[in-house]
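Reading the structure
Residue-level listing of the chains:
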Amino acid sequence: MKPEISKVYDPKQVEDRTYTSWENAGYFGAKPDTTKKPYSIVIPPPNVTDRLHMGHAFNNTIQDILIRYHRMAGFNALWIPGTDHAGIATQNVVERSLSGEGISRHDLGREKFVEKVWEWREEHGSIIINQLKKLGCSCDWSRTRFTMDEDLSSAVIEAFVRLYEKGLIYRGKYIVNWCPRCQTAISDEEVNHFDEKGSLWYIKYPVKDSEAFLVVATTRPETMLGDTGVAVHPDDKRYKKLVGKTAILPILNREMPIFTDEIVDPSFGTGAVKVTPAHDPNDFDIGRRHNLPAITVIDIDGKMNKEAGPYAGMDRFEARKQIVKELGSLGLLDKIEKHEHSIGHCQRCDTIIEPYLSEQWFVKIKPLAEPALQVVLNGEIQILPARWIKVYENWMRNIRDWCISRQRWWGHRIPVYYCRDCTEMMVLREKPDRCSKCGSESFDQDPDVLDTWFSSWLWPFSTMGWPERTEDQGCFYPTTSLVTGPDIIFFWVARMIMSGLEFKRAIPFRHVYFNGIVRDESGVKMSKSRGNGIDPLEMIDKFSADAVRFSLIGLSAEGQDINLAENDFEMGRNFANKVWNAFRFLRMAIGEEIPAGDLSNICANHPDSMELSDRWIMSRYTKTIDQATTALEKFRFSEYLDRLHAFFWGDFCDWYVELIKPRLYNRNDSDNGRIAGEIAIGILKNTMKMLHPVIPFITEEIWQKLRNENEAESIMVSAWPIADRSMKSAADEKDMGLLQEVVGAIRNIRSEMRVPPGRKANVKIRANDAIEGKLINANAYYIRALAGIDNIGLALRETKKP
């Protein structure tokens, strides 16, 4: 009796049901176990505000492949999930929500506003976690962490205090990247730079007690109101006579020194540079060298302040227009040139960044960066693809101190307390009872919060209970692999290496794999603002999770970007259909009793009953195990999938299954028919195992319909296939290769001569020698079966006499 198997695979009937069964069975969980070799990954925590996008889908598919493979290979595999509180982004989301109700955070006050953010997080914070489940991610969800969890927050405070006590955290007044919209400092890595067309304004600065003018060029005329000096290069002969004299600032009539400094580029503009120490990082350094005052003229909201005189209260860009207009009316605007230059934008809101002088908290980063560079250069941490090593090295060698304070309310509050009575500053793990200096019980805590990355740089070990000593850290730390995008190599990867070495005295991971960026079909990076993204959940609904996973991996070369169009997911769906059709045919052809499919037993006990096709497919199968496993071990994911695709679709389905059809239909009447069934089922099962990491749902469904009682209850906890290298046979592969060439040649001739598929033909084959002739003659039925041939005439190729 033939089993009932649907003709078409329906993922919507399978995926949710299967995932629930995995969760209920506890297959995703991992506990410390000294009897098994550990393999661990921490998820790059998505922002709590995020929704699943193709970058997430690609990155997490790769992680899931690694976890599922190592779980099947016998490792104690742990994948820790979680989300990041995303200080600036989350606060922006909640503030926008409140503004719709006509409320600002200041109306609520800090405490009530933070409560509102927690409420938002409770309602929306698990959305992306549930979406990752739809993708099939096999994280240990019982360990889901959030960077603002109580114990993770304690770890952040501990790290801050330790670094401060070691002299590696300090407070100082420096130029920072300031977002007038978010009204906070942001790091260099959070600024997107775009080349934009602008202008270069040439402004005449009168020289005191003379008729002369000094012309300076600027791209930001509004900052001239904060000028406190004019600099020229020491070797610039054009300005020798002016050095030491005084320039007069137009409009405000401020007197300023004219001096020399090596940093000035004589080839830019006129070679004379206006110096605005409070609004440019280079000018800030010049100002410190020459003891210039730093006058801030632009406020935190991007408006001109009282120091801007008649322009106070104006938006910075409106002030620019008015200043240029007034300079023209005063005859002090020399000329205007078109000028293309790089302009920084806030990564989160796209507002143009303002260099801004403010007091912030910093980490002295060089002492942490030096050992973090060495562990990569000496190979203790392997970075893949290797081209990113040089990028990492360049950044680490030129690293600047890390500004860690943010002027936000949502996040980890800086653990610094100020006595209201004596202004004593105390850096403590907990709020003090009394001032250590004067005994006062009146305190203010520093209003700033820490940069979000200050919590996520601790992620590999804070998620395992640091600073407490835990079994998890003893077993799973250092983690094994990190999979992430190269766009956060500095944000996150470098800092995790620094923190691991500083706080754990050990590297945080052994391998870093940088996956490529997902782009649209024209090569533009997908983003919400551009509207060129493809929603992975829509693609899962339309094509299946397996199809999405398969297509993303199939399109990716090692670490290369992906150009993606919606129809690319047809590739994954087509392969899933091929898998299902092959399974359905074999299952229906074999009937009720499923063969054990014990390949080792078949090959060991029935060598004389195996035909060439059997020996050939076993050799190809063995080679595929080696190739696919090696590719996974070396993080060559598309190569792993290409090899399995070629073997399953080509060698197994198109050749072996077609060759054994007559034997399958008569399997109850002959030993070699039964052997063909055993081999086909064994290879099908084990190929499903090797495909399981990338297409987990359909492989589980097939496994459940093929497994015997003594086999694993789920394919995800079954054993990864091991290659029996004794089954490799170059001779059998060569012989079968010849027959395949013959069949291919006949098929080509039939096509060229337009012979109908159903019409049999007679063919004469001329062999190169007697050995080939014997091989063709002994396996003529293969050729007849696959090439639609009735009779084969065989002759030997004549050799020319010398």
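These notes cover the structure that comes with them. (Residues numbered from 1 in each chain as written. Predicted model: local features only at pLDDT ≥ 70, side-chain atom pairs only at ≥ 80, totals over all residues. Heavy atoms only, no water.)

A tally of helices and strands in the protein yields 26 helices and 27 strands. Considering only C-alpha atoms, the protein reaches an extent of 110 × 75 × 50 Å along its principal axes. Out of the 802 residues belonging to the protein, those deemed buried represent 55%. A sequence separation of at least 24 residues applies to 77% of the contacts in the protein between residues at least 6 apart. As displayed, the protein offers around 36,100 Å² of accessible surface, 47% of which is attributable to carbon and sulfur atoms. (Helix = DSSP H or I, 4+ residues; strand = E, 2+ residues; numbered from the N terminus. Buried < 20%, exposed > 50% of the residue type's maximum accessible area, 1.4 Å probe, protein only. Contact = heavy atoms within 4.5 Å. Areas by Shrake-Rupley, 256 points an atom, 1.4 Å probe, with all protein chains shown as cover.)

Attention now moves to a negative patch on the surface. Where like charges cluster on the molecular surface, the negative patch consists of Asp299, Asp301, Asp315 and Glu318. Secondary-structure assignment places Glu318 in helix α9 (residues 316-329). (Patch = residues over 30% accessible without salt bridge, like charges linked within 9 Å, V, L, I, M, F, W, Y side chains within 5 Å. Salt bridge = Lys/Arg side-chain N within 4 Å of Asp/Glu carboxyl O. Lys, Arg positive; Asp, Glu negative; His and termini not counted. Charge placed at Lys NZ, Arg CZ, Asp CG, Glu CD.)

This brings us to the sheet that holds strand β16 (residues 402-403). In any sheet, the strands associate via hydrogen bonds between backbone groups, in a parallel or an antiparallel arrangement. The strand order across the open sheet formed by 4 strands is β6-β5-β14-β16, and the pairing between neighbours is antiparallel. On the outer flanks of this sheet lie β6 (184-186) and β16, each paired with one strand and no other. (Pairing = 2+ DSSP bridges.)

Turning to the nonpolar core, a few remarks are in order. In this structure, Phe454, Met498 and Phe652 are the most contacted members of the largest nonpolar core, which totals 188 residues. Broken down by element, this core gets its largest block of residues, 14 residues, from helix α21 (residues 637-665). Leaving out residues up to four positions away in the same chain, Met498 has contacts with Ile365, Leu368, Ala369, Ala372, Trp395, Met396, Ile399 and Trp457. By size, the runner-up hydrophobic cluster in this structure holds 27 residues, among which are Leu242, Ala247, Ile258 and Ala308. (Core = buried A, V, L, I, M, F, W, Y, C linked by side-chain atoms within 4.5 Å.)

Along the chain, Ser729 falls in the loop between α23 (696-706) and α24 (730-752). Measuring from C-alpha to C-alpha, the distance between Ser729 and Ala795 comes to 28 Å, with 66 residues separating the pair along the chain.

The next subject is the side chain of Ser638. For Ser638, the position within the fold is in helix α21. In this structure Ser638 comes out as buried when scored by relative accessible area, which is 13%.

With that settled, consider helix α8 (residues 281-289). When we look at burial in α8, the residues that qualify are Asp283, Phe284, Ile286 and Gly287. In a view along the axis of α8, the buried residues occupy a sector of 165°, so they form one face of it. Structurally, α8 contributes buried residues whose contacts are with β5 (169-179), β11 (255-260), β12 (272-275) and β14 (354-363). One side-chain oxygen at the N-terminal end of α8 lies 2.9 Å from the backbone nitrogen of Asn282; it belongs to Asp280. Looking one or two places after α8, you find Asn291, whose phi comes out positive at around 55°. (Arc of directions from axis to C-beta. Polar contact = N/O pair within 3.5 Å; in protein donor to acceptor, adjacent residues only side chain to side chain.)

A separate point is the side chain of Lys689. Structurally, the position occupied by Lys689 is in helix α22 (residues 671-691). Despite its burial, Lys689 remains without a salt bridge, the nearest opposite charge being carried by Glu711 at 5.9 Å. Excluding anything up to four places from it in sequence, Lys689 contacts Met72, Trp703, Ile715, Ser718, Ala719, Trp720 and Pro721.

Take the packing of aromatic side chains next. To describe a pair of aromatic rings, you give the distance between the ring centres and the angle between the ring planes. By the definition in use, this model includes 41 aromatic pairs. Geometrically, the ring pair formed by Phe113 and Trp409 is edge-to-face, given 5.8 Å between the ring centres and 70° between the ring planes. Taken together, the residues Phe113 in helix α5 (residues 110-124) and Trp409 in the loop between β17 (405-406) and β18 (416-419) connect sequence positions 296 residues apart. A relative accessible area of 0% means that Phe113 is categorised as buried. Ring pairing ties together the aromatic residues Phe160, Tyr164, Trp361, Trp402, Phe454, Trp457, Phe461, Trp466, Tyr477 and Phe503, which thus form one cluster. Across the ring face of Trp22, the terminal group of Arg68 is positioned such that the distance to the ring centre comes to 4.6 Å. For Lys335, the ring lying beneath its charged end belongs to Tyr202, and the centroid distance is 4.6 Å. (Phe/Tyr/Trp six-rings, centres within 6.5 Å; stacked < 30°, edge-to-face > 60°. Lys NZ or Arg CZ within 6 Å of the ring centre and 35° of its normal.)

Here we take up the packing of helix α18 (residues 569-590) against α22. For the pair α18 and α22, the least separation of the axes is 11 Å and the interaxial angle reads 150°. Looking at the two axes, α18 sits roughly antiparallel to α22. The handedness of the crossing between α18 and α22 comes out as left-handed. From α18, Phe575, Val579, Phe583, Leu586 and Ile590 reach across to α22, where they touch Gly677, Ala680, Ile681, Leu684, Met688 and Leu691. Grouping the constituent residues of the contact of α18 with α22 by class yields 10 nonpolar, 1 polar and no charged. (Axes fitted to C-alpha atoms, helices over the stretch in contact; angles between N-to-C directions. Parallel < 35°, antiparallel > 145°, perpendicular 65-115°, else oblique. Left-handed = near helix turned anticlockwise from the far one by under 90°. Nonpolar A, V, L, I, M, F, W, Y, C, P; charged D, E, K, R; others polar.)

We now examine the pattern of salt bridges. Working definition: two side chains of opposite charge can pair if their charged atoms are close together. Under the criterion given, the structure shown has 48 salt bridges. Where Asp227 meets Lys274, a salt bridge forms, and the shortest distance between an N and an O atom there is 3.0 Å. With Asp227 in the loop between β8 (213-218) and β9 (229-232) and Lys274 in strand β12, this residue pair connects regions lying 47 residues apart in the sequence. Judged by relative accessible area, which is 0%, Asp227 ranks as buried. With relative accessibility at 6%, the residue Lys274 sits in the buried group. Across the pair Glu441 and Arg434 runs a salt bridge, and its minimum N-O distance is 3.2 Å. With relative accessibility at 58%, the residue Glu441 sits in the exposed group. Taking relative accessible area as the criterion, Arg434 reaches 48% and is therefore assigned partly exposed. What you see here is one network of salt bridges that share partners, running through Arg620, Lys623, Arg643, Asp651 and Glu733.

Further remarks concern the sheet that holds β12. In space, the 4 strands of this open sheet follow the order β10-β11-β9-β12, with mixed pairing throughout. The outermost strands of the open sheet, each flanked by one partner alone, are β10 (246-248) and β12. The mean angle between the axes of side-by-side strands here comes to 30°, regardless of whether they run parallel or antiparallel. Two strands pair when backbone bridges link them, and β10 and β11 are joined in this way by 3 bridges, in the antiparallel orientation. Bridged to Thr246 within β11 is Pro257.

Relative to strand β23 (residues 509-514), strand β15 (residues 382-384) is paired through 3 bridges, and the arrangement is parallel. Each residue of the ladder has a partner; that of Ile383, found in β23, is Val512. In terms of strand pairing, strand β22 (residues 479-484) meets β23 through 5 bridges, oriented parallel. Bridging across to β23, Thr484 finds its partner in Phe514.

Throughout the structure, instances matching the rule amount to 1 cavity of 30 Å³ or more. Counted as a void, the largest cavity has a volume near 60 Å³. A breakdown of the residues in the lining of the largest cavity according to their chemical character gives 4 nonpolar, 2 polar and 5 charged. (1 Å grid on protein atoms, 1.4 Å probe; cavity = no way out; pocket = protein on both sides within 12 Å on 5 of 7 lines; lining within 4 Å. Points joined across faces, edges and corners; volume = space filled by probe spheres on them.)

Attention now goes to the packing of helix α10 (residues 366-377) against helix α11 (residues 388-397). The interhelical angle for the contact between α10 and α11, taken along N-to-C directions, is 160°, at an axis separation of 9 Å. With respect to α11, the axis of α10 lies roughly antiparallel. The hand of the α10/α11 crossing is left-handed. Note on element contacts: α11 touches α10 through Ile389, Tyr392, Glu393, Met396 and Arg397, opposite Lys366, Ala369, Ala372, Leu373, Val376 and Leu377.

Attention shifts here to unusual backbone geometry. For the bond running from Leu384 to Pro385, omega is -10°, close enough to zero to count as cis. Mapped onto the fold, Pro385 is located in the loop between β15 and α11. The step from Tyr477 to Pro478 runs through a cis peptide bond, and the omega angle for that step is 0°. Positionally, Pro478 belongs in the loop between α14 (471-476) and β22. Within the chain, Ile251 stands out as a residue other than glycine whose phi angle is a positive 75°. Within the fold, Ile251 resides in the loop between β10 and β11. We classify Ile251 as buried; its relative accessible area is 19%. At Asn253, a position not held by glycine, the phi torsion is positive, near 60°. Checked against the element boundaries, Asn253 lands in the loop between β10 and β11.

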